[in-house]
Amino acid sequence: MKPIVYVSGTFDLFHSNHLKMIEYGAGLGGTLIVGVSTDDLVSTYKNPPSVPFEERQAIISALKYPHIVIPQRSLEHTQRVKDLNIDIFVVGDDWRGKYDYLRDLGVQVFYFPYGAGVSSSKLKQQITKQYSELKKTADDHINPEVV
């Protein structure tokens, strides 16, 4: 029987590392379930996502890899693993060690390496910096002569 793989994420400002993690999950087994964190959940541990939950879920659902896309309302996955018979759990390596407890339930846990590449947080910082620079330039311009 092919394993059931669960990929967990917020998937805010969807980027290539998100896609790579979902592709990695798809390569591990038969059924790929992607859990997209709700806005309420994300807001419990950091700023709310820039892209609303419904849009993030629609983006993930439009990909060819997931068989099922579901809301993720908790960071505690014991019951979800039992309810869905999850064999493999994949999450970004920024969560390294946080889900090791799932191994006690017989689940293989993989922390996908984002590395120094793209992340939603880095994208937000870059957009904020660029906006500040553009705003300063716009605010400091000389008004043209009106004839």
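Below or above, wherever it landed, is the structure these notes cover. No experiment lies behind these values; they were computed from the predicted model shown.

### Focus: the side chain of Thr 38
You can see Thr 38 is positioned in the loop between β2 (31–37) and α2 (39–42). The contacts of Thr 38, once residues within four sequence positions are left out, are Phe 53, Arg 56, Pro 71, Gln 72 and Arg 73.

### Quick notes on the sheet that holds strand β5 (residues 108–112)
Spatially, 5 strands are ordered β3-β2-β1-β4-β5 in an open sheet, and the strand pairing comes out parallel. One side of each edge strand has no neighbouring strand; the edge strands of this open sheet are β3 (68–72) and β5. Going from strand to strand, the sheet's axes swing by 25 degrees on average, the running direction of each strand aside.

### Observations regarding the pattern of salt bridges
In the structure shown here, the tally under the stated rule is 2 salt bridges. A salt bridge links Arg 56 to Asp 39; the nearest nitrogen and oxygen atoms lie 2.6 Å apart. Note that Arg 56 is positioned in helix α3 (residues 53–61) and Asp 39 in helix α2, a separation of 17 residues in sequence. Judged by its relative accessible area of 1%, Arg 56 falls in the buried class. Note on Asp 39: relative accessible area 25%, which makes it partly exposed. Salt-bridge contacts for Asp 100 lead to Arg 103; the nearest nitrogen and oxygen are separated by 3.1 Å. For Asp 100, a relative accessible area of 32% puts it in the partly exposed group.

### Topic: the nonpolar core
In this structure, Val 7, Phe 11, Met 21, Val 34, Val 36, Ile 60 and Val 90 are the most contacted members of the largest nonpolar core, which totals 15 residues. Every element with two or more residues in this core is listed here: β1 (4–9), α1 (16–26), β2, α3 and β4 (88–92). For this core, the element with the most residues is β2, which contributes 3 residues. Once you skip the residues sitting within four places of it in the chain, Val 90 turns out to touch Val 5, Tyr 6, Val 7, Ser 8, Met 21, Tyr 24, Gly 25, Leu 28, Phe 110 and Phe 112. Counting 13 residues, the second largest nonpolar core, distinct from the first, contains Tyr 6, Ile 86, Val 91 and Leu 102.

### Some words on unusual backbone geometry
With phi around 45 degrees, Leu 13 is a residue other than glycine that occupies positive phi space. Within the secondary structure, Leu 13 sits in the loop between β1 and α1. Backbone geometry places Asn 85, a non-glycine residue, at a positive phi of 55 degrees. By the secondary structure assignment, Asn 85 is in the loop between α4 (78–84) and β4. For Asn 85, a relative accessible area of 53% gives the class exposed.

### Remarks on the packing of aromatic side chains
For the coordinates displayed, the defined rule picks out 7 aromatic pairs. Note on Tyr 45 and Trp 95: the rings are 5.3 Å apart at their centroids and 85 degrees apart in plane angle, and the pair reads as edge-to-face. You can see Tyr 45 sitting in the loop between α2 and α3 and its partner Trp 95 sitting in the loop between β4 and β5, a full 50 residues away along the chain. Look at Phe 89 and Tyr 99: their rings are 4.9 Å apart centre to centre, the planes differ by 45 degrees, and that puts the pair in the tilted class. Residue Phe 89 is located in strand β4, and its partner Tyr 99 is located in the loop between β4 and β5; the two are separated by 10 residues in the primary sequence. Tyr 99 matches Phe 89 in its accessibility class, with the two residues each being buried. Members of the aromatic cluster, joined through ring pairs, are Tyr 6, Tyr 45, Phe 89, Trp 95, Tyr 99 and Tyr 101.

Procedures and definitions
Residues numbered from 1 in each chain as written. Predicted model: local features only at pLDDT ≥ 70, side-chain atom pairs only at ≥ 80, totals over all residues. Heavy atoms only, no water. Helix = DSSP H or I, 4+ residues; strand = E, 2+ residues; numbered from the N terminus. Contact = heavy atoms within 4.5 Å. Pairing = 2+ DSSP bridges. Axes fitted to C-alpha atoms, helices over the stretch in contact; angles between N-to-C directions. Salt bridge = Lys/Arg side-chain N within 4 Å of Asp/Glu carboxyl O. Buried < 20%, exposed > 50% of the residue type's maximum accessible area, 1.4 Å probe, protein only. Core = buried A, V, L, I, M, F, W, Y, C linked by side-chain atoms within 4.5 Å. Phe/Tyr/Trp six-rings, centres within 6.5 Å; stacked < 30°, edge-to-face > 60°.

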